[in-house]
Amino acid sequence: MIEVTINSMGISPMNYQRVVILKEQAGERYLPIWIGPAEADAIAVKLQSVDVPRPLSHDLLWSVISTLNASIDSIIINDLRDDTFYGRIILNAREGQVEIDSRPSDALALAVRAGVPIFAEDTVLDKAGLLIDEETSQATPHETPRKKNVSGEELKKLSAYTDFINTLDMDDFDKESQEE
């Protein structure tokens, strides 16, 4: 597993879909994950320290976990199948460590509330990780020996991620991450 951080969030100008872009903490790969508007808002609200008058769903879940004397240890983006990312929330409970299946967007919304590490499985980064050229801001798939095991059909589907990232203004993302 590789630790990643939330690098930035964006909206596609072509279809208004939200994307959260994770970045390897000790590397150069980026991992774009499409998310829903509600989850994007839940992540952005916490990252920007915006106070909301009533708890959002992720605030409620975090409160329930805390009230039950459990804690979130970490979250993991653990798989990518058929263009769908999968996640796990790792909880520390009385019974020991418990893994809960989750959409990555919900897991990320909880991670920013709990201040816990975010990890991605090597295989996920091998399949969908991108490198972004600092000069041109263009994204290219990251080539790894393991990527040779990815079918041509999967690579074709993943090219949509590269195309999408190339529609974003990465210079704006760099400004956001430097301001934080």
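Rules and cut-offs
- Residues numbered from 1 in each chain as written.
- Predicted model: local features only at pLDDT ≥ 70, side-chain atom pairs only at ≥ 80, totals over all residues.
- Heavy atoms only, no water.
- Phe/Tyr/Trp six-rings, centres within 6.5 Å; stacked < 30°, edge-to-face > 60°.
- Lys NZ or Arg CZ within 6 Å of the ring centre and 35° of its normal.
- Helix = DSSP H or I, 4+ residues; strand = E, 2+ residues; numbered from the N terminus.
- Contact = heavy atoms within 4.5 Å.
- Salt bridge = Lys/Arg side-chain N within 4 Å of Asp/Glu carboxyl O.
- Buried < 20%, exposed > 50% of the residue type's maximum accessible area, 1.4 Å probe, protein only.
- Polar contact = N/O pair within 3.5 Å; in protein donor to acceptor, adjacent residues only side chain to side chain.
- Pairing = 2+ DSSP bridges.
- Core = buried A, V, L, I, M, F, W, Y, C linked by side-chain atoms within 4.5 Å.
- Patch = residues over 30% accessible without salt bridge, like charges linked within 9 Å, V, L, I, M, F, W, Y side chains within 5 Å.
- Areas by Shrake-Rupley, 256 points an atom, 1.4 Å probe, with all protein chains shown as cover.
- Axes fitted to C-alpha atoms, helices over the stretch in contact; angles between N-to-C directions.
- Parallel < 35°, antiparallel > 145°, perpendicular 65-115°, else oblique.
- Left-handed = near helix turned anticlockwise from the far one by under 90°.
- Nonpolar A, V, L, I, M, F, W, Y, C, P; charged D, E, K, R; others polar.

Considering all chains together, one arrives at zero aromatic pairs under this definition. In this arrangement the basic side chain of Arg81 is found over the ring face of Tyr86, its NZ or CZ atom lying 4.1 Å from the centre.

Moving on to the environment of Ile43. In this fold, Ile43 is placed in helix α1 (residues 37-47). Distance from Ile43 to Val112, taken between C-alpha atoms, is 6.9 Å for residues 69 residues apart in sequence. Here Ile43 is in contact with Ile6, Met9, Ile35, Ser105, Leu108, Ala109 and Val112, once residues within four sequence places are set aside.

Moving on, we come to the pattern of salt bridges. Going through the model one piece at a time under the given rule, you end up with seven salt bridges. We note a salt bridge from Arg29 to Glu24, for which the minimum N-O separation is 3.0 Å. The pair formed by Arg29 and Glu24 is uniform in burial state, with each residue classed as buried. In this structure, Arg88 engages Glu99 in a salt bridge whose closest nitrogen and oxygen atoms are separated by 3.2 Å.

The next point concerns the side chain of Asn7. Tracing the backbone through its elements, the reader meets Asn7 in strand β1 (residues 2-11). The class for Asn7 is buried, based on a relative accessible area of 15%. Side-chain polar atoms of Asn7 contact the side chain of Ser8, separated by 3.2 Å.

A few words on α1. Those residues of α1 not exposed but buried are Glu39, Ala40, Ala42, Ile43 and Val45. Elements that come into contact with the buried residues of α1 comprise β1, β2 (18-24), β3 (30-35), α2 (57-67) and α3 (104-114). Just downstream of α1, Ser49 is the residue with a positive phi angle, here 55°.

Attention now goes to the pairing of β3. Of all six residues in β3, five are buried, a share of seventy percent or more. Sheet topology places β2 next to β3; six bridges connect them, and they run antiparallel. Across the sheet, residue Arg18 finds its bridge partner in β3, namely Ile35. From the end of β2 to the start of β3, which pair antiparallel, there are five residues.

Turning our eyes to something else, we now look at the nonpolar core. One finds Leu22, Leu31, Ile75 and Ile77 to be the most contacted residues of the largest nonpolar core, which totals 33 residues. Setting aside anything within four residues of it in sequence, one finds Leu31 in contact with Val20, Ile21, Leu22, Ile77, Phe85, Ala120, Val124, Leu125, Ala128 and Gly129.

A few words now on a nonpolar patch on the surface. On the surface, a cluster of nonpolar side chains totalling about 370 Å² of accessible area is made up of Leu60, Leu61, Val64 and Leu68. Structurally, Val64 is set in helix α2.

On to the environment of Ile89. Assignment of secondary structure puts Ile89 in strand β5 (residues 84-93). Sequence separation between Ile89 and Ser102 is 13 residues; the distance between their C-alpha atoms is 6.6 Å.

In this section: the packing of α1 against α3. Remark: α1 packs on α3, axes separated minimally by 9 Å, with the N-to-C direction vectors making an angle of 15°. As the angle between them shows, α1 and α3 are arranged roughly parallel. α1 and α3 meet at a crossing whose hand is left-handed. Of the residues in α3, those touching α1 at Glu39, Ala42, Ile43, Lys46 and Leu47 are Ser105, Asp106, Leu108, Ala109, Val112 and Arg113. For the contact of α1 with α3, a count of residues per class yields six nonpolar, one polar and four charged.

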